[in-house]
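# Report on the structure
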Amino acid sequence: ETDLAMLRRLNSDTVMEVLGIEFVQASGTRVIATMPVDRRHVQIMGILHGGVSVLLAETVASTLAYLGIDRDRQVVFGLEINANHLRPVRPGARLTAEATPIHRGKTTVVAQITISDERVRTISVSRCTNAIRERSGTDG
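Worth saying up front: this structure is predicted, and the values here are computed from it rather than measured. (Residues numbered from 1 in each chain as written. Predicted model: local features only at pLDDT ≥ 70, side-chain atom pairs only at ≥ 80, totals over all residues. Heavy atoms only, no water.)

## What about the side chain of Thr34?
Here Thr34 lies in strand β2 (residues 31-36). In terms of polar contacts, Thr34 uses its side chain to reach the side chain of Arg94, at 3.1 Å. Those residues in contact with Thr34, other than ones at most four positions away along the chain, are Gly20, Ile21, Glu22, Val24, Arg94, Leu95 and Thr96. (Helix = DSSP H or I, 4+ residues; strand = E, 2+ residues; numbered from the N terminus. Polar contact = N/O pair within 3.5 Å; in protein donor to acceptor, adjacent residues only side chain to side chain. Contact = heavy atoms within 4.5 Å.)

Structure representation (structure tokens):
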């Protein structure tokens, strides 16, 4: 199973599927996903909800970390994320999020995430830290 096929299977019946997030490239050095913007994604003013941008950013960053661990022995989870929302986005847009590693250590992965629209304008930048831990008996 390829990394992309595995990610599509793992994201079935999750918030990523509900919001239409689709992975287009996935490796331990770069993860790219797209997401349409429609009524599901906006706040009351009719523009993209900042929390949805952060969810998209954390999705690609956490996936980047996940693809770089020993999945039989380790788990990864979000530790911290920050975001700067640089321009509003309205329904009808299609966003692309790209995560690349800034730091990959034994216990943390720090990723830089850029989200752009279909005109390749940067709409959001984020930095996300994921923790890497050894699996315990209670991890799935």
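## A word on the packing of aromatic side chains
By convention here, two paired aromatic rings are described through the distance between centres and the angle between planes. Scanning the model with the defined rule gives 0 aromatic pairs in all. Taking the ring centre of Tyr66 as reference, the NZ or CZ of Arg71 above it sits at 5.0 Å. (Phe/Tyr/Trp six-rings, centres within 6.5 Å; stacked < 30°, edge-to-face > 60°. Lys NZ or Arg CZ within 6 Å of the ring centre and 35° of its normal.)

## What to know about the nonpolar core
By size, the foremost hydrophobic cluster in this structure holds 30 residues, and its most contacted members are Met35, Leu48, Leu95, Ile113 and Ile115. Contributions of two or more residues to this core are made by α1 (3-10), α2 (15-19), β1 (22-26), β2, α3 (50-67), β4 (94-104), β5 (108-116) and β6 (122-134). With 7 residues, α3 is the single largest residue contributor to this core. For Ile115, the residues in contact, after removing those within four places along its chain, are Ser53, Leu56, Ala57, Leu95, Thr96, Ala97, Arg121, Thr122, Ile123 and Ser124. (Core = buried A, V, L, I, M, F, W, Y, C linked by side-chain atoms within 4.5 Å. Buried < 20%, exposed > 50% of the residue type's maximum accessible area, 1.4 Å probe, protein only.)

## Examining the packing of α1 against α3
Following both chains from N to C, one finds α1 and α3 inclined at 125°, their axes separated by 13 Å at the closest point. In this view, α1 runs oblique relative to α3, as classed from their interaxial angle. In this structure, α1 meets α3 at a crossing whose hand is right-handed. For the pair α1 and α3, the contacting residues are Asp3, Met6, Leu7 and Leu10 in the first and Thr63, Tyr66 and Leu67 in the second. (Axes fitted to C-alpha atoms, helices over the stretch in contact; angles between N-to-C directions. Parallel < 35°, antiparallel > 145°, perpendicular 65-115°, else oblique. Left-handed = near helix turned anticlockwise from the far one by under 90°.)

## Let's talk about the layout of surface pockets
Roughly 260 Å³ of volume is contained in the largest pocket. Leu10, Ser62, Thr63, Tyr66 and Val76 are, among the 14 residues lining the largest pocket, the residues nearest its centre. Broken down by secondary-structure element, the contributors of at least two residues to the lining of the largest pocket are α1, α3 and β3 (74-85). With 4 residues, α3 is the largest single contributor of residues to the lining of the largest pocket. Grouping the amino acids of the lining of the largest pocket by side-chain chemistry returns 8 nonpolar, 5 polar and 1 charged. (1 Å grid on protein atoms, 1.4 Å probe; cavity = no way out; pocket = protein on both sides within 12 Å on 5 of 7 lines; lining within 4 Å. Points joined across faces, edges and corners; volume = space filled by probe spheres on them. Nonpolar A, V, L, I, M, F, W, Y, C, P; charged D, E, K, R; others polar.)

## Description of the sheet that holds β2
In a beta sheet, neighbouring strands pair by backbone hydrogen bonds and run either parallel or antiparallel. Ordered in space as β1-β2-β4-β5-β6-β3, the 6 strands form an open sheet in which the pairing is antiparallel. Two strands close off the open sheet at either side, each with one partner strand: β1 and β3. This sheet shows a mean twist of 25° between the axes of neighbouring strands, independent of strand direction. Inspection of the sheet shows β2 paired to β4 by 6 bridges, in the antiparallel sense. Bridging from a neighbouring strand, Val31 pairs with Ala99 of β4. Sitting on the sheet, α3 touches β1, β2, β3, β4, β5 and β6, and the angle it makes with β3 is about 145°. (Pairing = 2+ DSSP bridges.)

The quantities given are spatial measurements derived from coordinates; they are silent on function.
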